[in-house]
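A look at the structure
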Amino acid sequence: MSVHLADDTSTLDPTVADDAIEFTDVADVVERFADAGYLADQRLATTVFLQSRLGKPILLEGPAGVGKTQLAKTLAEVTGRELLRLQCYEGQDETTALYEWDYGKQLLYTQVLREKIGQVVADTSTIAEAVERIGAEESVFFSERFLAPRPLLEAVRSDHPVVLLVDEVDRADEALEAVLLELLAEYQVSVPEIGTFVATHQPMIVLTSNNTRDLSAALKRRCLHLSLDYPEAERELEIIKSKNTGLSETLAAKLVEIVRGLRDLDLRKAPSISEAIDWARTLAVLGADELNAEILSDTANVVVKYDRDLTRAIDAIPRLVDPNAEVPAHLHGHGHGHSHGHSRDHHDHDHGDHDHDHGDNSGQAKRAAKDAPGRHADDYYGSPGSHNDAGTRGGVSPGQGSRSFKARGTARKRPF
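Conventions adopted
Residues numbered from 1 in each chain as written. Predicted model: local features only at pLDDT ≥ 70, side-chain atom pairs only at ≥ 80, totals over all residues. Heavy atoms only, no water. Patch = residues over 30% accessible without salt bridge, like charges linked within 9 Å, V, L, I, M, F, W, Y side chains within 5 Å. Areas by Shrake-Rupley, 256 points an atom, 1.4 Å probe, with all protein chains shown as cover. Salt bridge = Lys/Arg side-chain N within 4 Å of Asp/Glu carboxyl O. Helix = DSSP H or I, 4+ residues; strand = E, 2+ residues; numbered from the N terminus. Buried < 20%, exposed > 50% of the residue type's maximum accessible area, 1.4 Å probe, protein only. Arc of directions from axis to C-beta. Contact = heavy atoms within 4.5 Å. Polar contact = N/O pair within 3.5 Å; in protein donor to acceptor, adjacent residues only side chain to side chain. Axes fitted to C-alpha atoms, helices over the stretch in contact; angles between N-to-C directions. Parallel < 35°, antiparallel > 145°, perpendicular 65-115°, else oblique. Left-handed = near helix turned anticlockwise from the far one by under 90°. Nonpolar A, V, L, I, M, F, W, Y, C, P; charged D, E, K, R; others polar.

Under an unreviewed UniProt entry, the protein has the name AAA+ ATPase domain-containing protein and belongs to Gordonia insulae.

In this section: a nonpolar patch on the surface. Taken together, Leu108, Val112 and Leu113 make up a surface patch of nonpolar side chains, about 280 Å² in accessible area. Tracing the chain through its elements places Leu113 in the loop between α5 (103-112) and α6 (114-120).

The subject of this paragraph is the environment of Gly118. Topologically, Gly118 is positioned in helix α6. Of the residues examined, Gly118 reaches a relative accessible area of 34% and is grouped as partly exposed. Sequence separation between Gly118 and Ala130 is twelve residues; the distance between their C-alpha atoms is 9.8 Å.

What follows is about helix α1 (residues 26-35). Along α1, the residues that are buried comprise Val26, Asp28, Val29 and Phe33. The arc that holds the buried residues of α1, viewed along the axis, is 155°, so those residues lie on one side. Opposite the buried face of α1, by more than 90 degrees, sit the exposed residues Ala27 and Asp35. Buried positions along α1 lie against α2 (42-54) and α3 (68-79). N-cap assignment for α1: the residue whose side-chain oxygen lies 3.3 Å from the backbone N of Ala27 is Asp25. Gly37 lies just past α1 and shows a positive phi near 90°.

On to the packing of helix α12 (residues 233-242) against helix α13 (residues 249-263), then. Here α12 crosses α13 at 125°, and the two axes come no closer than 10 Å. Judged on the interaxial angle alone, α13 and α12 are oblique. Crossing of α12 over α13 shows right-handed handedness. On the side of α12, the interface is formed by Ala233, Glu236, Leu237, Ile240 and Lys241, while α13 contributes Glu249, Ala252, Ala253, Val256, Val259, Arg260 and Arg263. Looking at side-chain class alone, the contact of α12 with α13 contains seven nonpolar, no polar and five charged residues.

Before going further, it helps to spend a moment on the pattern of salt bridges. Within the structure shown, the criterion is met by 14 salt bridges. Salt-bridge contacts for Arg213 lead to Glu177; the nearest nitrogen and oxygen are separated by 2.7 Å. Here Glu177 lies in helix α10 (residues 174-186) and Arg213 lies in the loop between β9 (204-209) and α11 (217-221), a separation of 36 residues in the sequence. A salt bridge links Arg312 to Asp266, with the nearest nitrogen and oxygen atoms 4.0 Å apart. Here Arg312, found in helix α16 (residues 307-321), pairs with Asp266, found in the loop between α13 and α14 (273-285); they are 46 residues apart in sequence, far enough to count as distant. According to the relative accessible area criterion, Arg312 is buried, its value standing at 12%.

Here Thr95 lies in helix α4 (residues 94-97). Judged by its relative accessible area of 10%, Thr95 is buried.

Contact geometry for α1 and α2: axes closest at 8 Å, N-to-C directions at 110°. Taken as axis vectors, α1 and α2 run roughly perpendicular relative to one another. Packed against α1, whose contacting residues are Val26, Val29, Val30 and Phe33, the element α2 presents Gln42, Ala45, Thr46, Val48 and Phe49 at the interface. A breakdown of the residues in the contact of α1 with α2 according to their chemical character gives seven nonpolar, two polar and no charged.

Below, the discussion takes up the environment of Phe146. With respect to the helices, strands and loops of the structure, Phe146 is situated in the loop between α8 (138-141) and β5 (147-149). Assessed through its relative accessible area of 2%, Phe146 is described here as buried. Sequence separation between Phe146 and Tyr109 is 37 residues, and the spatial gap between their C-alpha atoms is 9.9 Å.

Below, the structure written as C-alpha cells:
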C-alpha cells in the first residue's frame, strides 16, 4: 500500500515532494492549458506554476462562472492526474469530507464472528470483565479494513498522484474549514482511532470560493491566493472563439461587448463566461446573422437567471446594441415606453423602483464595493435565522459546526 501512518510528521517537506515538478516554466503552463482548451492569463499561469514548484494549494476566489472549477479539471487533464472533488455545502460534516466508519460492514463481521466473540468472553465472570476483554479487541474493528474514505482522505491515501478540488469552500461551515487546515499545511489527515495518514504522493489542491462569506486567515495563509474576475474583452472573445460556438467572429465580438454591458448593470447574478459561451451557441443555433435587440431579448434568459435581472437586461439591451436606438414597446421590460436616445453615462430619468448607479458603473467596481468586511448583514447566508435574498434556507447556528463534528458515539451504535 502506498500510504503510511506517520509516527513523526515532521519528516514531510512539501517543497521536495517527488510529484511537485509538473511544469517547466510559466509558458509551459500557458501552452498546455491552451491545448486543453483553457486560456490562462499570465497571472493565473504563474500561480499554477508556483503551485507545482512550491507544493502549496491554490485558493481561487471570485464570482461564479469565471473558470475556477474548470481550472482544477484542466490541471488534472494536463498533468495526467485523477481528479477528486469535494463539493461543499452548508451543514456538511467530516463523514462526507474526510472519512466515516463502515458500520454495516462492522456489524456483518460481528455477526459472522459471534461464536468467536463468545469464546473471547467465555471465561469472564462479570460484565465489567467481559467489556474489558472485548475492548481489548476493539482495534480489530476500528482498522483500515472498516474505514470508508471520503475525498480528503482518499486524496492522501491514493497510490497515484491526484488533483483534489475543494469546490465552493465558502459554503461549508467553519468547522469543516478547520478540518482542512491540517491537510493544506502538511498533506496529512488524522483518524483518532488509527493515527495520522501522510500522503506519499502530494496532491495538487485547488480550493474555490464564490465569496459568500469570508474565509479564515489561517486557511488563506496556507494557500497561494488568487482573485479572479471576468476577463478583458479581448481574452473573453478568445475564449468564445476557442469553444467553436458556430457564431462568426464579428458577432462574437459584438456579443462580448453586450455581455460586458450586462455585467455593468446592478444584477443579482452577472452573466458568467460559460453562460456567454452558451449564448453564443444559442444564437448560432438560431442562425442569427446579426445581433439585434429582438433576438437578444428573446434569448437573454440564457445568461440572466432571475426575473428582476431579466427585466433590467431587456431594458438595457437596446441601448447596448445601439445607444441611439428607439426602443420598441414590446421590448421594454417595465412597460413605460420612451426613447433611449442617450448614452449610458447620461441615463438621468426616473425608472421607478430601478436603482441606477450614477457613479462608477463598472461591474468590477460594484463587486469590489461589496467585498468589504462585514458586508454580509445578519440576514445573509449562514447567519442565524437568516432569510436571505438568495432564497436559501435561513441560518447556521453558532453551534452547528461543533455539533457536526462532535463525537457521534451516542448517535450510532458500534458493533459491540
